[in-house]
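Residues per chain are reported as follows:
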Amino acid sequence: MNQFFYPLQGLLPRSLRMRLLVFLLAAIVLAGAVQGALAYRGALDEADALFDYHMQQTALALRSGLPVDAQGLGRGLDPEDENHEFIVQVWTNEGLRIFESAVGAALPQIAVLGFANVQARGGTYRVFSMQTRSQVIQVAQNMAARRDMARSLALRTLAPLAIMAPLLVLAVWWGVSRSLAPVERVRRQLAQRQADDLSPVSDAQLPDEVQPLVSELNLLFERVQRAFDAQEHFVADAAHELRSPLAALRLQLQGLQRAGDDAARAVAIERLSAGIDRATRLVEQLLTLARQEASTATTEPVDLHAVAQLALADVAPAAQARSMDVGLLHSDAANVPVTVRGDAEALRMLARNLLDNAIKYTPPGGRVDLQVRREGDAAVLTVEDSGPGIAPEHRERVMQRFVRETSEGAPGSGLGLAIVQAIAQGHGATVQLSASPRLGGLLVTVRFG
């Protein structure tokens, strides 16, 4: 089937309107031809039946009989009044022809009663024979003339179809044009747009077959707009936030250049190295935030227990350096799998950022607990610590970029929770900050579904 269709596809016009018109008009022509052939054939059959009925009624009208001495009746007729296409003959039962409707139009007497086709006078005659008590009546009609009249009647039946066909073609053309008018409207909207106009395309009055295409186009515009916004935010944030670290690196470099002895040089090198690490960390977080805001989460099943264990392994060195108790808190339903659909690496980054913030802002020797559980149909990931927490009036504000509520000496750029928020939104999850009733610090709850 495909081997036949694909070569035919190359012969069809590329315009959807022209394709519809070609297919519909071809269907109309084919249906009209079939209908015309059937109507023509039916009209011929009806004409034959009508002529046969007429012959039969003519014979019945003569069944009362003619006098035996009527021999030769009709031979004195004017030749112009004679009709050799429709012939009536009457025979006696003894085989004597006593009547003929036209001189010299005699047909052979046949023994078959009813209808029969007879070859005579160089053509074919349709003959109806009927026998009475004393006579045999024969009514004959020339098939050539009969066919001509039948065709004339049949052609008359095709006249309405010939008149309606052009009207039907116009109706099809109008209907296709009206149906595709919304598609043409969308095309004009897109053609008149500027390159930076990514507003949704109106899908009003679009056909059901085209509306999903426009919906997907609007979703594409939304994703591209989100990517553009993320790019603009990244450029603005990078320009704003990298200015201070780079200035600090320049000062530290100048301090290294002015160091008068090895001890001062060592201190300057350590400060420069720490500044480079902070700048590197800031750039990594900026890139991560831009990537998470511009991308959409995948839809593969992810085990949150496995994600939590990997995140704990990532922060284990930092926790040991600060002598902190960081672990996975097991619930009563620890053996119940907690699965969500999303990007495993992004969810691992979410958990790692929450743990990293808790470790940085909790005093040494403190405690940080990570828990994964299921509450009804929702999957929940929580991180709580024994640190100072965040005041209720500041909790909404700290979710923004470059906003920090830090304890003294805690490093950071204020992007950790912003990255968490971006990842959570990409997975359809919500992030809530509250006070930890167990440890007294901050409780971060991420709820999926």
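Residues numbered from 1 in each chain as written. Predicted model: local features only at pLDDT ≥ 70, side-chain atom pairs only at ≥ 80, totals over all residues. Heavy atoms only, no water.

Caption draft 1: Just the overall build of the protein chain, in detail. Counting its secondary structure elements, the protein chain contains 9 helices and 12 strands. Looking at the 449 residues of the protein chain, the share that counts as buried comes to 36%. Within the protein chain, contacts between residues at least 6 apart in sequence are counted, and of these 63% link residues at least 24 apart. (Helix = DSSP H or I, 4+ residues; strand = E, 2+ residues; numbered from the N terminus. Buried < 20%, exposed > 50% of the residue type's maximum accessible area, 1.4 Å probe, protein only. Contact = heavy atoms within 4.5 Å.)

Caption draft 2: Fine view of the pattern of salt bridges. Enumeration according to the criterion identifies 11 salt bridges in this entry. A salt bridge links Asp48 to Arg147; its shortest N-O distance comes to 3.0 Å. Here the residue Asp48 occupies a position in helix H2 (residues 16–61), and Arg147 occupies one in helix H3 (residues 143–191), the gap between them amounting to 99 residues. Taking relative accessible area as the criterion, Asp48 reaches 15% and is therefore assigned buried. Here Arg438 makes a salt bridge to Asp369, at a shortest N to O gap of 2.8 Å. (Salt bridge = Lys/Arg side-chain N within 4 Å of Asp/Glu carboxyl O.)

Caption draft 3: Examining the sheet that holds strand E5 (residues 135–142) more closely. Across the sheet, 5 strands lie side by side as E2-E1-E5-E4-E3; this open sheet has antiparallel pairing. This sheet does not close on itself; its edge strands, each paired only once, are strand E2 (97–100) and strand E3 (114–120). Averaged over all pairs of adjacent strands, the angle between strand axes in this sheet comes to 25°, irrespective of strand direction. Two strands pair when backbone bridges link them, and strand E1 (residues 86–92) and E5 are joined in this way by 7 bridges, in the antiparallel orientation. (Pairing = 2+ DSSP bridges. Axes fitted to C-alpha atoms, helices over the stretch in contact; angles between N-to-C directions.)

Caption draft 4: Here's a closer look at the nonpolar core. Membership of the largest hydrophobic core comes to 42 residues, with the highest contact counts inside it found for Leu354 and Leu381. Those elements giving two or more residues to this core turn out to be helix H7 (304–321), helix H8 (344–361), strand E9 (367–375), strand E10 (378–385), helix H9 (416–426), strand E11 (429–435) and strand E12 (442–448). Tallying contributions element by element places H8 first for this core, with 9 residues. The contact partners of Leu354, leaving out residues within four places of it in the chain, are Leu381, Val383, Leu417, Val420, Val444 and Val446. (Core = buried A, V, L, I, M, F, W, Y, C linked by side-chain atoms within 4.5 Å.)

Caption draft 5: Highlighting H3. Between its terminal C-alpha atoms H3 stretches 68 Å, which fits the 72 Å expected from 49 residues at 1.5 Å a residue. For H3, the principal kink sits at Ala181 and spans about 40°; a proline, Pro182, occurs within the next four residues. Close packing links the buried residues of H3 with H2, strand E4 (123–131) and E5. The backbone nitrogen of Ala144 has a side-chain oxygen 2.9 Å away, supplied by the residue at the start of H3, namely Asn142. (Expected span 1.5 Å × (residues − 1). Bend = angle between axes of the 7 residues up to and from the residue. Polar contact = N/O pair within 3.5 Å; in protein donor to acceptor, adjacent residues only side chain to side chain.)

Caption draft 6: Fine view of the pairing of E11. By the bridge criterion, 7 bridges tie E11 to E12 in an arrangement that is antiparallel. Within E12, the residue paired with Ala435 across the bridge is Leu442. Counted along the chain from E11 to the antiparallel partner E12, the turn is 6 residues long, and its residue Gly440 has a positive phi close to 85°.

Caption draft 7: View of the confidence of the model for the protein chain. When the pLDDT values of the protein chain are averaged, the result is 78; 80% of them are 70 or greater. Across residues 1–8, where pLDDT falls below 50, the model places 1 contact with residues more than four positions away in sequence or in other chains. Counting interchain partners and residues more than four positions distant, the pLDDT-below-50 stretch residues 71–77 has 14 contacts. (pLDDT = per-residue confidence, 0-100.)

Caption draft 8: Local environment of a nonpolar patch on the surface. A contiguous nonpolar surface patch, about 430 Å² in accessible area, is contributed by Ile163, Met164, Leu167 and Leu170. Inspection of the secondary structure assignment puts Met164 in helix H3. Residue class for Met164 comes out partly exposed when judged on its relative accessible area of 49%. (Patch = residues over 30% accessible without salt bridge, like charges linked within 9 Å, V, L, I, M, F, W, Y side chains within 5 Å. Areas by Shrake-Rupley, 256 points an atom, 1.4 Å probe, with all protein chains shown as cover.)

Caption draft 9: Summary view of the environment of Arg395. Within the secondary structure layout, Arg395 lies in the loop between E10 and H9. For Arg395, a relative accessible area of 18% corresponds to the buried category. The residues contacting Arg395, other than those within four sequence positions of it, are Ile390, Leu433, Ser434 and Ala435. Among the polar contacts listed, one links the side chain of Arg395 to the backbone oxygen of Ile390, at a separation of 3.0 Å.

Caption draft 10: Region of interest: unusual backbone geometry. Unusually for a residue other than glycine, Ser323 sits at a positive phi of about 55°. By the secondary structure assignment, Ser323 is in the loop between H7 and strand E7 (325–329).

Caption draft 11: Molecular detail of the sheet that holds E9. As summarised here, the arrangement of the 5 strands in space is E7-E9-E10-E12-E11, forming an open sheet in which the pairing is mixed. Edge positions in the sheet fall to E7 and E11, since each of these pairs with one other strand and no more. Across the sheet, the axes of successive neighbouring strands diverge by a mean angle of 15°, strand direction being ignored. Looking at chain direction, E10 and E12 are connected through 6 bridges and run antiparallel. Within the sheet, the bridge partner assigned to Val383 lies in E12 and is Val444. Each of E7, E9, E10 and E12 is contacted by H7, which is oriented at about 175° to E7, the strand it contacts most.

Caption draft 12: Just the packing of H7 against H8, in detail. Two elements in contact, H7 and H8, have axes separated by 8 Å at closest approach and are oriented at 40°. Taken together, H7 and H8 sit at an angle that is classed as oblique. Crossing of H7 against H8: the hand is right-handed. Residue-level contacts link Leu304, Val307, Leu310, Ala311, Leu312, Asp314, Val315, Ala318 and Ala319 of H7 to Ala344, Leu347, Arg348, Ala351, Arg352, Leu355, Asp356 and Ile359 of H8. (Parallel < 35°, antiparallel > 145°, perpendicular 65-115°, else oblique. Left-handed = near helix turned anticlockwise from the far one by under 90°.)

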